[in-house]
Amino acid sequence: MTETCKLCELYEQRKIFTRLYEESDKVIVIQAFNKAGSKNPRLMAVLKRHTNTPTEDEKQMVEGLLKTVADRVSSQIGLNYELSVRESADHYHQHCQF
Ligand SMILES: [Zn+2]
């Protein structure tokens, strides 16, 4: 595992190229880049700690903050959403697709 990565840069160096939705001391939620052909927003919630062995608490913090933002966006645009987990990375993260 490397010391730093693109996701570390996201919050350490504020390399945020999309919209920042929400941030806590442990988790950051940004708009993810859309897949080609998809016009609905995608969100990504990232555990700030650089680890591939997150605790259960950390996993729940990621999901909790993502759901908070997803519920808000969902009521604004009137679309349901689906969460998906990415375990195999240097930062535990979840995606949300509307
Ligand atoms: Zn990292």
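A brief structural summary. (Residues numbered from 1 in each chain as written. Predicted model: local features only at pLDDT ≥ 70, side-chain atom pairs only at ≥ 80, totals over all residues. Heavy atoms only, no water.)

Here's the deal with the packing of aromatic side chains
Consideration 1: Under the counting rule described, the total for this entry stands at 1 aromatic pair.
Consideration 2: Note on tyrosine 81 and phenylalanine 98: the rings are 5.7 Å apart at their centroids and 65° apart in plane angle, and the pair reads as edge-to-face. Placement of the pair is tyrosine 81 in the loop between helix 2 (56–77) and strand 4 (82–86) and phenylalanine 98 in the segment after strand 5 (93–97), with a sequence separation of 17 residues.
Consideration 3: Owing to a relative accessible area of 26%, tyrosine 81 belongs among the partly exposed residues under this scheme. (Phe/Tyr/Trp six-rings, centres within 6.5 Å; stacked < 30°, edge-to-face > 60°. Helix = DSSP H or I, 4+ residues; strand = E, 2+ residues; numbered from the N terminus. Buried < 20%, exposed > 50% of the residue type's maximum accessible area, 1.4 Å probe, protein only.)

Focus: the coordination of the zinc ion
Ideal values for angles at a metal depend on the geometry: 109.5 degrees with four tetrahedral donors, 90 or 180 degrees with six octahedral donors.
Consideration 1: Around the zinc ion, the protein contributes the donor atoms Cys5 (SG), Cys8 (SG), His50 (ND1) and His91 (NE2), which lie 2.0 to 2.3 Å from the metal centre.
Consideration 2: One can describe the site at the zinc ion as tetrahedral: its 4 donor atoms subtend angles covering 92 to 125° at the metal.
Consideration 3: When the donor residues of the zinc ion are listed from N- to C-terminus, their spacing reads C-x2-C-x41-H-x40-H. Of this pair, cysteine 8 sits in helix 1 (residues 6–12) while histidine 91 sits in the loop between strand 4 and strand 5; the two residues are 83 residues apart in sequence, bridging distant segments of the chain. Both residues of the pair, cysteine 8 and histidine 91, count as buried. (Donors = N, O, S within 2.8 Å, 3.2 Å for Na, K, Ca; no water. Tetrahedral: all angles 85-135°; square planar, octahedral: opposite > 155°, others 65-115°.)

Focus: the pairing of strand 2 (residues 27–32)
Consideration 1: The buried count for strand 2 comes to 5 of 6 residues, which makes it a mostly enclosed element.
Consideration 2: Judged from the 3 bridges that link them, strand 1 (residues 20–23) and strand 2 form a sheet pairing that is antiparallel. The residue of strand 2 that forms the bridge with glutamate 22 is valine 29.
Consideration 3: The turn linking strand 1 back onto strand 2 is made up of 3 residues.
Consideration 4: Pairing of strand 2 with strand 3 (residues 42–47), which is carried by 6 bridges, proceeds in the antiparallel orientation. (Pairing = 2+ DSSP bridges.)

Notes on the side chain of histidine 50
Consideration 1: Mapped onto the elements of the fold, histidine 50 is located in the loop between strand 3 and helix 2.
Consideration 2: A distance of 3.3 Å separates a polar atom in the side chain of histidine 50 from a polar atom in the side chain of histidine 91. (Polar contact = N/O pair within 3.5 Å; in protein donor to acceptor, adjacent residues only side chain to side chain.)

Describing the pattern of salt bridges
Oppositely charged side chains are able to pair whenever their charged atoms sit close together.
Consideration 1: The tally for this structure, following the rule as stated, stands at 8 salt bridges.
Consideration 2: With its nearest N and O atoms 2.8 Å apart, the salt bridge here joins glutamate 23 to lysine 48. With glutamate 23 in strand 1 and lysine 48 in the loop between strand 3 and helix 2, this pair connects stretches of sequence that are 25 residues apart.
Consideration 3: What makes glutamate 23 partly exposed here is its relative accessible area of 31%.
Consideration 4: On the basis of relative accessible area, lysine 48 is assigned to the buried category, the value being 12%.
Consideration 5: One salt bridge in this structure joins lysine 67 and glutamate 63, with 2.9 Å as the shortest N-O distance. Residue lysine 67 and its partner glutamate 63 are both found in helix 2; the two are separated by 4 residues, about one turn of the helix.
Consideration 6: We classify lysine 67 as partly exposed; its relative accessible area is 36%.
Consideration 7: Here the salt bridges do not stand alone but share partners, grouping Arg14, Glu23 and Lys48 into one network. (Salt bridge = Lys/Arg side-chain N within 4 Å of Asp/Glu carboxyl O.)

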